[in-house]
Every structure is written in C-alpha cells, then in structure tokens.
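# Summary of the model geometry
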Amino acid sequence: MLFVFALSTWAESPKQTETSGRSMPQGPLGDVVRLGQTIVNETGTHPLSKSYVGNALSCRSCHLNGGTHPKAASFLNIATPYPAWSPREQRVITLEDRALNCFMRSMNGTRPPNGSEVSVAITTYITWLSKGEAMGMNPSRPLGPNHVQPLTIDPSTADRERGETLYADHCAHCHGDAGEGSDDGPPVWGDESYNDGAGLARNAKLASWLKVAMPLDDPYLTEQQSLDVAAYINSHSRPKFILEEHLPTPDRMGEYNGQEPPK
Ligand code: HEC
Ligand code: HEC
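Not measured: the values here are computed from a predicted model.

### So, the side chain of Arg-22
Position of Arg-22 among the secondary structure elements: in the loop between α1 (2–12) and α2 (27–41). Side-chain polar atoms of Arg-22 contact the backbone oxygen of Leu-129, separated by 3.0 Å.

Encoded structure:
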C-alpha cells in the first residue's frame, strides 16, 4: 500500500528539468540534486565547494552545460559504469571517487572528504542524470557510455605552430592572447588552469574534447586542427601535479555523514 502510494507520487511529480526531461525527485532528495547541479555550474564560487578549488575553473568549464551536453565530457548516464576498475588508481573506484579526484587534477585543488555535503550533492546530481538507465560496472576503465571518442589520427602528427595560428584566429577572443581567460572564456594555461595531472593535459585527450566542444556552441575544427591547437595550448606552463599536495589531511579523508535526529 505504502509502495503504491510512493510510486504514484513519484510518477506524478510535476517538476521537470528543462535540460534533461528527467523528473526531479520530490522533497530533500530533489533539493540535493538541485544543489549538486548548482555546485557543478558554480564550483569556484559556491560556499560549499570553493575552498576545494585551486584555479579559475568550475566542473561546467569542461562538462559543458552542467554535464548535460551530450558529447563534451557528458555526465548523462555516467553513473552506470561505477564501481569501475581504474588503471590510474590501480583499484576499483566509485562514482564519488571519480568526481572527487577531478578536484585534485582538473580543478588543481584539494579532494573534498568522502561523504561530505559537497561530495554527496555532486554525486547525487550526476546519478540523477543516469536515472532509469541499466547499471553497467566497467571492468576496464572509469568511463561511461557517452565518453569523448578518441581521435582517429596519430597524436604525434601534432604541429604547435599551426596550432598557434589556429588559436589566435579561433580561440583568443574568448580565452585571451596569453591563455589567461576573459569574461567570455576561462584560462586555458598558466596558474589558473588545470594542472599537468589532468586528463586535458594530454594532447590526445584535449584534442578529442576540443573536437566536440570548442569553439563553444559551434565545434567545427577538423581532427588535425584540434590536435594542433591542443599541442599549442599544452606547450605552455601550468601547475605541476604532485599528489601529496592535493590530498586532504588524513582526518579529512572521509567523514561519517549520518544526521542524528534531535534528542
Ligand atoms: C579541465 C577540464 C575538466 C574539469 C574542470 C573537470 N573535469 Fe571531469 N573530466 C574531464 C574529462 C576530459 C573527463 C573524461 C571524460 C570523457 O572522456 O568523456 C572527465 C571525467 C569525469 C568523470 C567521469 C566521467 C565518465 O564518463 O565516467 C567525472 C565523474 C567527472 N569528470 C567529474 C568532474 C567534477 C565533479 C568536476 C568538478 C569538481 C570536474 N569533473 C571537473 C575534464 C574536466
Ligand atoms: C565564444 C567564446 C569561446 C570560443 C571562441 C572558444 N571558447 Fe573555449 N570555452 C569557452 C567557455 C565559456 C568555456 C567554459 C564553458 C562554460 O563554463 O560553460 C570554454 C572552455 C574551454 C576549455 C576548458 C576549460 C579551460 O579553460 O581549460 C578549453 C581547453 C577551451 N575552451 C579551449 C578552446 C579552444 C582551443 C578554442 C578555439 C578552437 C576555444 N576554446 C574557443 C568559450 C569559448
């Protein structure tokens, strides 16, 4: 009886999101989905996340449209491969681990504690974007069904000089002549960018992302152009990744996250 009631309330939930068409869970669970969505879009300024961020980026800087872009590092359906084997970490990792590790590398910051409010909100939002999909559990790598497709050309054919011209013509008006960013686009190299432990610091990875993501809203580069401009961007300096500098202190690695009812 209770189950039928719960199911029908859920199904009749009137709240829809404009981006995904998925119904929003009611009550506090829906509030946490929305909180996670806000944090993904405003990671660098949100009070719950900003202290863990070490550059000018937010998750949405690469996970375009708050992760709802179908190709540019999409969050759609990406809860389904977890838990997954991670060759980089040499262990099975959860969605929470994967999301938190992005703080250390792409965001050049500190890993928030497991089970913290910020961690639960982000993973709740990402899981919501997989609602209704079948679990997959990826035994070979921590990537979902919509991950960025690798380019078909050989990464060693990258030409930085061609990339420099392409950057000036197609990217600099938003990202700045010196990669420093502007009101129209975040920094792409230097101290306020992703560090050299991030996925995008590898030319092949950056190129495959650029191919589907940049220029913003109209990605028209060929594979060769994406690779050339990736090599140019990554030829500049950016923060060095030293794992120990990005781990929380041992007492902040995780926390018991239950809320005791008031006595
Ligand atoms: C500088 C760019 C960048 C930023 C900033 C960034 N990420 Fe990522 N992230 C990536 C790329 C690239 C991938 C690999 C995606 C792919 O291959 O489709 C990735 C992968 C992931 C995945 C795994 C996706 C999958 O298919 O399983 C998760 C989860 C994730 N990021 C969460 C986050 C969160 C949360 C933040 C903010 C705290 C963040 N990322 C910030 C670039 C970034
Ligand atoms: C119209 C402005 C615009 C143009 C042109 C543009 N970008 Fe972007 N780019 C953005 C914005 C805005 C973001 C962040 C997305 C967001 O926050 O919604 C971004 C994100 C990025 C990122 C990931 C975040 C970071 O700063 O590292 C890279 C790398 C990037 N762009 C490279 C390029 C390259 C290379 C070109 C040229 C081929 C290009 N962009 C053209 C606006 C632009």
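### A word on the site of ligand 1
As a matter of local geometry, ligand 1 sits amid 25 residues, with Cys-59, Cys-62, His-63, Tyr-82 and Val-148 nearest to it. His-63 places a polar side-chain atom, nitrogen or oxygen, 2.8 Å from a nitrogen atom of ligand 1. For ligand 1, an oxygen atom lies 3.4 Å from a polar atom in the backbone of Pro-142. Here the shell around ligand 1 is composed, by residue class, of 18 nonpolar, five polar and two charged. When residues of the shell around ligand 1 are assigned to domains, at least three map to each of domain 1 (25–147) and domain 2 (155–234).

### Side note on the site of ligand 2
Among the 24 residues in the neighbourhood of ligand 2, the closest are listed as Cys-171, Cys-174, His-175, Pro-187 and Met-214. Here an oxygen atom of ligand 2 sits 2.7 Å away from a polar atom, N or O, in the side chain of Arg-60. The backbone of Pro-187 places a nitrogen or oxygen atom 2.6 Å from an oxygen atom of ligand 2. Residues of the shell around ligand 2, tallied by class, amount to 17 nonpolar, five polar and two charged. Two domains each provide a minimum of three residues to the shell around ligand 2, namely domain 1 (25–147) and domain 2 (155–234).

### Some remarks on the coordination of the iron atom of ligand 1
Here the iron atom of ligand 1 is held by His-63 (NE2) and Cys-102 (SG), and the distances to it run 2.1 to 2.7 Å. Given six donor atoms and angles of 75 to 180° at the metal, the environment of the iron atom of ligand 1 is assigned as octahedral. Pair noted here: His-63 is in the loop between α2 and β1 (84–86) and Cys-102 is in helix α3 (residues 95–104), with a separation of 39 residues, a long-range link. For Cys-102, a relative accessible area of 26% corresponds to the partly exposed category.

### Describing the nonpolar core
Of all hydrophobic cores here, the largest spans 55 residues; its most connected members are Ile-122, Tyr-125, Tyr-167, Tyr-194, Leu-206 and Trp-209. Listing elements by their share of this core, those giving two or more residues are α2, α3, α4 (117–128), α5 (160–170), α7 (203–213) and α8 (223–234). Here this core takes six residues from α4, the largest share from any one element. Lining this core are residues from two domains, each supplying at least three of them: domain 1 (25–147) and domain 2 (155–234). Excluding anything up to four places from it in sequence, Tyr-194 contacts Asn-55, Leu-57, Arg-105, Ser-106, Val-188, Leu-200, Ala-201, Leu-206, Ile-233, Asn-234, Arg-238 and Pro-239.

### Some remarks on the coordination of the iron atom of ligand 2
Each protein donor to the iron atom of ligand 2 is listed here as His-175 (NE2) and Met-214 (SD); together their distances run 2.0 to 2.3 Å. Coordination at the iron atom of ligand 2 comes from six donor atoms whose angles at the metal span 87 to 178°, giving a geometry best classed as octahedral. Here Met-214 lies in the loop between α7 and α8 and His-175 lies in helix α6 (residues 172–175), a separation of 39 residues in the sequence. Here His-175 falls in the buried class, since its relative accessible area comes to 13%. Of the residues examined, Met-214 reaches a relative accessible area of 15% and is grouped as buried.

### Looking at the pattern of salt bridges
This model, assessed by the stated rule, comprises seven salt bridges. One salt bridge in this structure joins Arg-34 and Asp-31, with 3.1 Å as the shortest N-O distance. With Arg-34 and Asp-31 both in helix α2 and three residues apart, the pair spans about one turn of that helix. The exposure class of Arg-34 is partly exposed, given its relative accessible area of 30%. Using a relative accessible area of 45% as the deciding quantity, one classes Asp-31 as partly exposed. In this structure, Lys-240 and Asp-196 form a salt bridge, with 3.8 Å as the shortest nitrogen-oxygen distance. With a gap of 44 residues between them, Lys-240 in the segment after α8 and Asp-196 in the loop between α6 and α7 connect regions that are remote in the sequence. For Asp-196, a relative accessible area of 37% translates into the label partly exposed. One salt-bridge network, held together by shared partners, links Asp-159, Arg-162 and Asp-228.

About the cut-offs
Residues numbered from 1 in each chain as written. Chains lettered and ligands numbered in written order. Predicted model: local features only at pLDDT ≥ 70, side-chain atom pairs only at ≥ 80, totals over all residues. Heavy atoms only, no water. Helix = DSSP H or I, 4+ residues; strand = E, 2+ residues; numbered from the N terminus. Polar contact = N/O pair within 3.5 Å; in protein donor to acceptor, adjacent residues only side chain to side chain. Near = heavy atom within 4 Å. Nonpolar A, V, L, I, M, F, W, Y, C, P; charged D, E, K, R; others polar. Domains from an automatic or database assignment. Donors = N, O, S within 2.8 Å, 3.2 Å for Na, K, Ca; no water. Tetrahedral: all angles 85-135°; square planar, octahedral: opposite > 155°, others 65-115°. Buried < 20%, exposed > 50% of the residue type's maximum accessible area, 1.4 Å probe, protein only. Core = buried A, V, L, I, M, F, W, Y, C linked by side-chain atoms within 4.5 Å. Contact = heavy atoms within 4.5 Å. Salt bridge = Lys/Arg side-chain N within 4 Å of Asp/Glu carboxyl O.

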